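Notes for the structure review
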Amino acid sequence: MQKICLLGATGSIGQSTLDVLARHPERFLLQAVSANHSVDRMLEICRKHRPRIAVMADSEAAARLADALAGEDIEIRSGEQALVDIAADPEVDTVMAAIVGAVGLMPTLAAVRAGKRVLLANKEALVMAGQLFMNAVRDSGAELLPIDSEHNAIFQCLPNGQTRGLKQRGVSRIWLTGSGGPFREWPLNRFDAITPEQAIAHPNWSMGPKISVDSATMMNKGLELIEACWLFGLPESEIEILLHPQSIIHSMVAYNDGSVLAQLGNPDMRTPIAHALGYPDRIESGVEPLDPVTVSQLNFEAADENRFPCLRLARAAIAEGGTRPAILNAANEIAVDAFLNGRIAFTRIPQLIEDCMQHIESHPGDSLEQILADDRAARERVRRRIAEDLA
Ligand code: NDP
Ligand code: MG
């Protein structure tokens, strides 16, 4: 029995993970789950999946959940430390890191430091603290398996799951594919008027609101570029972003003998989730089998940095290194939140990020305190700029 801690159980990845786990009750035991404030959904999860521990980061939500589950054999905890504790719990073998945003960093890092098998969906943690994170993986012997569909695809196309020394293993290039989101062909002169509803309506994937907006600005692909650099130990110059509107190929690895390996499948996160949960075995995921005849066409085009300036900003951030990606990520989180709340225009998102990148000094990325300080500085600057915009 693999004992699982599921961080972010009420989210999109969380729900897909629960679906896969429920298909294999003989293999997995749900030790702990977490959410922030979605009490009703958490209550449903507790009733259906019977975890031993449920954490609500928000204390008021935890109190409401505890009331609703009074007398049942599920321990309710609350607060940020509780997230760290369940991630590092000696009872737990595998941690699914599916909290959205920078708040996922501390519990995910705790799981790594405790030497767990870590299924990494939360890309923001690696973007913020890549060096620190990968050093912790090396030192603790944790096993890191990527859940992001592109990185999972790349992992599947590498020789025997090796993620280091790829040059020596003949890897010449990685193609990170992305659909281009809902605005790949949208007239540029109408970008200003894009609404949150339009931005979160992704053509191929159903995801949480933040990553859906990131997909629309293509910052998602930018964050994934940074994520790939850390996961596979490659410089950004060896990773190319390629638009592939059907989202059937999830990324490709080119070798120096001319071979290109790709992983294909219907766009459903249960595939990478099942791959990582079962690894190295293959387990059933519930995903509809791919029918190549129905798909019929696979198209590719170059990514346009003029249409999607976030691609250029993310590439510049990882090329500079240090805390620059943490600054980019923090600025993006605040800008996306403001866009979702109707406070800024879609086109203001990259402008606010660029403003932060130009005005906040970056530092070496090997200290958690420095990363968190620069993250805070970026958040404060973007909040101030938005307040000025609205004044
Ligand atoms: P959702 O917004 O659907 O879910 C986010 C989860 O995180 C929820 O369980 C939420 O709880 C929890 N959460 C949010 N804020 C906090 C907080 N302050 N403290 C504790 N928990 C919190 O996100 P997704 O599932 O879409 O994405 C999760 C992560 O996976 C992201 O980092 C994303 O980039 C990555 N990812 C997602 C993919 C997808 O297909 N969805 C694909 C690839 C990567 P609550 O419900 O209570 O708010
Ligand atoms: Mg992805």
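A few points on the structure.

Thresholds, definitions, all that
- Residues numbered from 1 in each chain as written.
- Chains lettered and ligands numbered in written order.
- Predicted model: local features only at pLDDT ≥ 70, side-chain atom pairs only at ≥ 80, totals over all residues.
- Heavy atoms only, no water.
- Helix = DSSP H or I, 4+ residues; strand = E, 2+ residues; numbered from the N terminus.
- Rg over C-alpha atoms; globule rule 2.2 N^0.38 Å.
- Buried < 20%, exposed > 50% of the residue type's maximum accessible area, 1.4 Å probe, protein only.
- Contact = heavy atoms within 4.5 Å.
- Lys, Arg positive; Asp, Glu negative; His and termini not counted.
- Charge placed at Lys NZ, Arg CZ, Asp CG, Glu CD.
- 1 Å grid on protein atoms, 1.4 Å probe; cavity = no way out; pocket = protein on both sides within 12 Å on 5 of 7 lines; lining within 4 Å.
- Points joined across faces, edges and corners; volume = space filled by probe spheres on them.
- Nonpolar A, V, L, I, M, F, W, Y, C, P; charged D, E, K, R; others polar.
- Patch = residues over 30% accessible without salt bridge, like charges linked within 9 Å, V, L, I, M, F, W, Y side chains within 5 Å.
- Areas by Shrake-Rupley, 256 points an atom, 1.4 Å probe, with all protein chains shown as cover.
- Salt bridge = Lys/Arg side-chain N within 4 Å of Asp/Glu carboxyl O.
- Pairing = 2+ DSSP bridges.
- Axes fitted to C-alpha atoms, helices over the stretch in contact; angles between N-to-C directions.
- Arc of directions from axis to C-beta.

Overview of the overall build of the chain
- Along the chain, the regular secondary structure elements total 16 helices and 12 strands.
- The globule rule puts the C-alpha radius of gyration for 391 residues at 21 Å, and the 20 Å found for the chain is close to it.
- Dimensions along the principal axes, computed over C-alpha positions, put the chain at roughly 60 × 55 × 45 Å.
- Looking at the chain as a whole, 55% of its 391 residues are labelled buried.
- At a minimum sequence separation of 6, the contacts of the chain that also span at least 24 residues come to 68%.
- Of note, the chain has its 37 positive side-chain charges centred 1 Å away from the centre of its 51 negative side-chain charges.

Re the side chain of R184
- Note that R184 resides in the loop between β8 (171-178) and α8 (196-200).
- With relative accessibility at 18%, the residue R184 sits in the buried group.

Some thoughts on the layout of surface pockets
- In this structure, the second largest pocket encloses a volume near 260 Å³.
- When residues of the lining of the second largest pocket are traced back to their parent elements, those giving at least two are β11 (260-264) and α11 (270-278).
- Considering each element in turn, the lining of the second largest pocket owes the most residues, three residues, to α11.
- In terms of residue class, the lining of the second largest pocket is built from six nonpolar, eight polar and three charged.

A word on a nonpolar patch on the surface
- Together, L264, L298 and F300 line one region of the surface with nonpolar side chains, adding up to about 250 Å² of accessible area.
- With respect to the helices, strands and loops of the structure, L264 is situated in strand β11.
- By relative accessible area, L264 is classed as partly exposed at 43%.

Some points on the sheet that holds strand β7 (residues 143-146)
- Sheet architecture is open: seven strands sit in the order β4-β3-β2-β1-β5-β6-β7, paired in parallel fashion. For this open sheet the edge positions go to β4 (75-78) and β7, each flanked by a neighbour on one side alone. Between one strand axis and the next, the sheet turns by 20 degrees as a mean value, whatever way the strands run.
- In the sheet, strand β5 (residues 94-97) pairs with strand β6 (residues 117-120) via four bridges, with the strands oriented parallel. Across the sheet, the residue bridging to A97 is L120, located in β6.
- Packed onto the sheet, helix α1 (residues 12-22) meets β1 (2-7), β2 (28-35) and β5 and runs at close to 160 degrees relative to β1.
- Sitting on the sheet, α11 touches β1, β2, β5, β6 and β7, and the angle it makes with β6 is about 170 degrees.

Looking at helix α2 (residues 39-49)
- For α2, the set of buried residues is V39, M42, L43, I45 and C46. Buried positions in α2, seen along its axis, are confined to an arc of 160 degrees and lie on one side of it. Residues D40, E44 and K48 are exposed on α2 and point more than 90 degrees away from its buried face.
- Each element contacted by the buried residues of α2 is listed here: α1, β2, β3 (53-56) and α3 (59-68).
- Of the residues one or two after α2, R50 is the one with positive phi, at around 50 degrees.

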